[in-house]
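# Structural features, examined
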Amino acid sequence: MISVLRTRWPLLLAAGVPLAALLVFFALPVGGMVQRGFWPDGRFDPAGVADVLGRARTLRVLWFTIWSAGIATAVAVLLGLPTAFCLHRLRFTGQGLVRALVMVPFVLPTVVVGVAFTQVFGIGGPLAGLHLDGSAAAIVAAMVFFNVSVVVRTVGSFWQAIDPRREQAAAALGASPRQVFLTVTVPSLLPAVVAAASVVFLFCATAFGVVLTMGGLRYSNVETEIYLLTTQELDLPSAAALSLLQLVLIVVLLGIVGRARRTPVERSSSPARRPGARDWPVLITAAAVVGFLLLPIVTLVEASLRVGGQWSLGNYRALGSTGSHHALLVPAVQALGTSLGIAVEACALALVLGLLVSYVVSRRPAGRVGRRLVAAFDGAFMLPLGVSAVTVGFGFLITLDRPPLDLRTSTVLIPIAQAMVALPLVVRTVAPVLSSIDDRQRQAAASLGAGPLRVFGTVDLPTAWRSVLAAAGFAFAVSLGEFGATSFLARSDDPTLPVVIYELLSRPGVMNFGMAMAASVVLAAATAGVMLLVERLRVSSLGAF
């Protein structure tokens, strides 16, 4: 035992630190919410959970969550597949810029997306004639906008790695392009499509800012219902019951994603080709998708530059104020500084924990038990990807409120919560690259006398540094726009910019609305700039959840 500890201490330490953080800052808050559901008055009462889940209001919310997420997932997959083909199997001028544009919506703050689509379908918007403002169709469209990039990244990286010789062999045997696609390409892509669809459904079912901004009093999903039950009705047992239901659904979906990710793929070194005449239908479809993604952003920018029907920078200059009738306690520019500072801290924490997790899951144990333990360890750190940020944020308040973890007034609470939200993205960006390193290189370095840390520094990091920087950009962008958990934890005298945007939209006044538009554009520009940098560091595995 002692000899095992002596040789395995770096791995045990690398696993122990993030595991402790996950237990304290994720499992404990979520467990606290579950405890409120089953032990509402200090005694075990599972009937209370069943009563909440059987209410007509709960069933109505659950039905809207399922059908809206299902339709949004189907549309996102249909739009994402041709776009993934164009961006990962073809080669054309400006492809890098288009890839970055497609990826931007995924990291845009959900509040900003809700505001942008309200402008698109609202009075004076480019699609006002469709009369979809405030409708469920508008919410579904916003969900599709938000998640097309997930399909493009997940399926695209998989598609890029499929050996083209199988398709070439089928074509040589007389199969038409349609037959090749249906009998060879589709079966090969199916695991990636299933994984992407599962993740998209997960994101749509837990959408918060979009539904809260666009749904009003008419539409509510499980996520917004938890928020309303906790903040307005103070019905904590009901909120806990819904959180428990959401957790079960997420575990099932993550299981599906995990099985799909374990499907082997034959790697190919074949380069992308130039588009041919037969590719024009796919190119036109992809162009339409890019136009659909740009429309809300352009509309938002235009709205931010209009004051009293005239072109003006007045809304941006007003960000230095507290809005009409003192809608805010602090100017929006101060909130932007707060958001940037918190995002840096959350990014650093997520990166440290994510590197440790990636180091552990990239090891290849010889025994079956070891492999299962590593798989379970990997799966545990994917849970924050789908668990409601609202649940995590509220769980922080009810569990981290007594010694030795009384963090209610601590400034580290929000960075920790945002780091938990960004952690799965860091792991999914770095771990595949570390796993692709030939283990014999590490063994060779170790046989020459290098210690574990030196092996990591001389073998792993030189290969993975681009993915590490990309993961840092991802974590920073996600933290910058995080709204679900932060809306619970931010103080009114020191809010983040997404919280300020929501407060401005909640207050009457043309000036407040214009400031919300300008603040949304500033936040979108900041996240888009980070994603352009991430695209420059792109690796094939990036975004393969």
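Residues numbered from 1 in each chain as written. Predicted model: local features only at pLDDT ≥ 70, side-chain atom pairs only at ≥ 80, totals over all residues. Heavy atoms only, no water.

## Re the overall build of the chain
The helix and strand tally for the chain stands at 23 helices and 2 strands. On C-alpha atoms alone, the chain measures out to a radius of gyration of 24 Å, which is about the 24 Å that the 2.2 N^0.38 rule sets for 545 residues. Expressed as lengths along the three principal axes of its C-alpha atoms, the size of the chain is roughly 70 × 65 × 45 Å. The burial tally for the chain puts 53% of its 545 residues in the buried class. Taking the contacts inside the chain whose residues are at least 6 apart along the sequence as the reference set, 80% of them involve residues at least 24 apart. Counting only carbon and sulfur atoms, one obtains 66% of the accessible surface of the chain, whose full area is about 24100 Å². The centroid of the 40 positive side-chain charges in the chain is displaced by 12 Å from the centroid of its 25 negative side-chain charges. (Helix = DSSP H or I, 4+ residues; strand = E, 2+ residues; numbered from the N terminus. Rg over C-alpha atoms; globule rule 2.2 N^0.38 Å. Buried < 20%, exposed > 50% of the residue type's maximum accessible area, 1.4 Å probe, protein only. Contact = heavy atoms within 4.5 Å. Areas by Shrake-Rupley, 256 points an atom, 1.4 Å probe, with all protein chains shown as cover. Lys, Arg positive; Asp, Glu negative; His and termini not counted. Charge placed at Lys NZ, Arg CZ, Asp CG, Glu CD.)

## With respect to the confidence of the model for the chain
When pLDDT is averaged across the chain, the result is 82; 93% of the residues are at 70 or more. Helix H11 (residues 236–261) is the least confidently modelled element of the chain, averaging 73 in pLDDT, while helix H13 (residues 314–317) averages 93, the highest of any element. Contacts for the low-pLDDT stretch residues 541–545, under 50 throughout, to residues beyond four places or in other chains number 23 contacts. (pLDDT = per-residue confidence, 0-100.)

## Focus: the nonpolar core
The biggest cluster of nonpolar side chains holds 170 residues, and the ones touching the most others in it are Phe396 and Ile501. Per element, the largest residue contribution to this core is 17 residues, and it comes from helix H6 (residues 136–161). If sequence neighbours within four positions are ignored, Phe396 has contacts with Phe25, Pro29, Leu413, Ile416, Ala417 and Leu489. Ranked by size, the runner-up nonpolar core spans 6 residues in total, among them Phe38, Val49, Ala241 and Leu244. (Core = buried A, V, L, I, M, F, W, Y, C linked by side-chain atoms within 4.5 Å.)

## Considerations on the packing of helix H18 (residues 413–435) against helix H20 (residues 452–481)
Contact geometry for H18 and H20: axes closest at 8 Å, N-to-C directions at 145 degrees. Relative to H20, H18 is oriented so that their crossing is right-handed. For the pair H18 and H20, contact is made by Gln418, Val421, Ala422, Leu425, Val426, Thr429, Val430, Val433 and Leu434 and by Phe456, Asp460, Thr463, Ala464, Ser467, Val468, Ala470, Ala471, Phe474, Ala475, Val478 and Ser479, respectively. Looking at side-chain class alone, the contact of H18 with H20 contains 15 nonpolar, 5 polar and 1 charged residues. (Axes fitted to C-alpha atoms, helices over the stretch in contact; angles between N-to-C directions. Left-handed = near helix turned anticlockwise from the far one by under 90°. Nonpolar A, V, L, I, M, F, W, Y, C, P; charged D, E, K, R; others polar.)

## Points about the pattern of salt bridges
Summed over all chains, the structure comprises 6 salt bridges. Here Asp51 ties to Arg55 by a salt bridge, and the two come within 3.7 Å at their closest N and O atoms. Judged by relative accessible area, Arg55 falls into the partly exposed class, the value being 35%. The partner of Asp493 in a salt bridge is Arg491, with the nearest N and O atoms 3.2 Å apart. Judged by relative accessible area, which is 39%, Asp493 ranks as partly exposed. Residue classification places Arg491 among the partly exposed residues on the basis of a relative accessible area of 46%. (Salt bridge = Lys/Arg side-chain N within 4 Å of Asp/Glu carboxyl O.)

## Digging into a nonpolar patch on the surface
A surface patch of nonpolar side chains, about 300 Å² in accessible area, is lined by Trp9, Leu13 and Val17. Its location among the elements puts Val17 in helix H1 (residues 2–38). (Patch = residues over 30% accessible without salt bridge, like charges linked within 9 Å, V, L, I, M, F, W, Y side chains within 5 Å.)

## Remarks on the packing of aromatic side chains
Taken as a whole and assessed by the stated rule, the structure comprises 13 aromatic pairs. With 5.5 Å between their ring centres and 90 degrees between their planes, Phe64 and Trp67 make a pair best called edge-to-face. Residue Phe64 and its partner Trp67 are both found in helix H3 (residues 56–88); the two are separated by 3 residues, about one turn of the helix. In this structure Phe64 comes out as buried when scored by relative accessible area, which is 6%. (Phe/Tyr/Trp six-rings, centres within 6.5 Å; stacked < 30°, edge-to-face > 60°.)

## Some thoughts on the side chain of Thr496
Its place among the elements puts Thr496 in the loop between helix H21 (486–489) and helix H22 (497–506). Aside from chain neighbours lying at most four places away, what touches Thr496 is Ala335, Ser339, Ile342 and Thr486.

## Examining the packing of helix H14 (residues 332–361) against H18
The geometry of a pair of packed helices is captured by two quantities: the angle between their axes and the separation between those axes. At a minimum axis separation of 6 Å, H14 and H18 run at an interaxial angle of 40 degrees. Viewed along their axes, H14 and H18 adopt a mutual orientation that is oblique. Crossing of H14 against H18: the hand is right-handed. Looking at the contact of H14 with H18, its residues break down into 22 nonpolar, 4 polar and 1 charged. (Parallel < 35°, antiparallel > 145°, perpendicular 65-115°, else oblique.)

## With respect to helix H15 (residues 368–380)
Along its 13 residues, H15 runs 18 Å from first to last C-alpha, staying within 8% of the 18 Å computed at 1.5 Å per residue. Along H15, the residues classified as buried are Val374, Phe377 and Asp378. The arc enclosing the buried residues of H15, seen along the axis, measures out at 100 degrees, which places them on a common side. Exposed positions of H15 whose direction lies more than 90 degrees from the buried face are Arg368, Val369, Arg372, Leu373 and Ala376. (Expected span 1.5 Å × (residues − 1). Arc of directions from axis to C-beta.)

## Quick notes on the environment of Pro462
Secondary-structure assignment places Pro462 in helix H20. Not counting chain neighbours up to four residues away, the residues in contact with Pro462 comprise Phe456 and Gly457.

## Concerning unusual backbone geometry
Its identity is not glycine, yet His131 carries a phi of approximately 55 degrees, on the positive side. Of note, His131 is situated in the loop between helix H5 (110–121) and H6. You can call His131 exposed: its relative accessible area is 69%. Residue His325 is not a glycine yet carries a positive backbone phi of 55 degrees. Of note, His325 is situated in the loop between H13 and H14.

## Section: the side chain of Ser304
Here Ser304 shows up in helix H12 (residues 280–304). Once residues lying within four places of it in the same chain are set aside, the contact partners of Ser304 are Ser312, Asn315, Tyr316, Met517, Ala518 and Val521.

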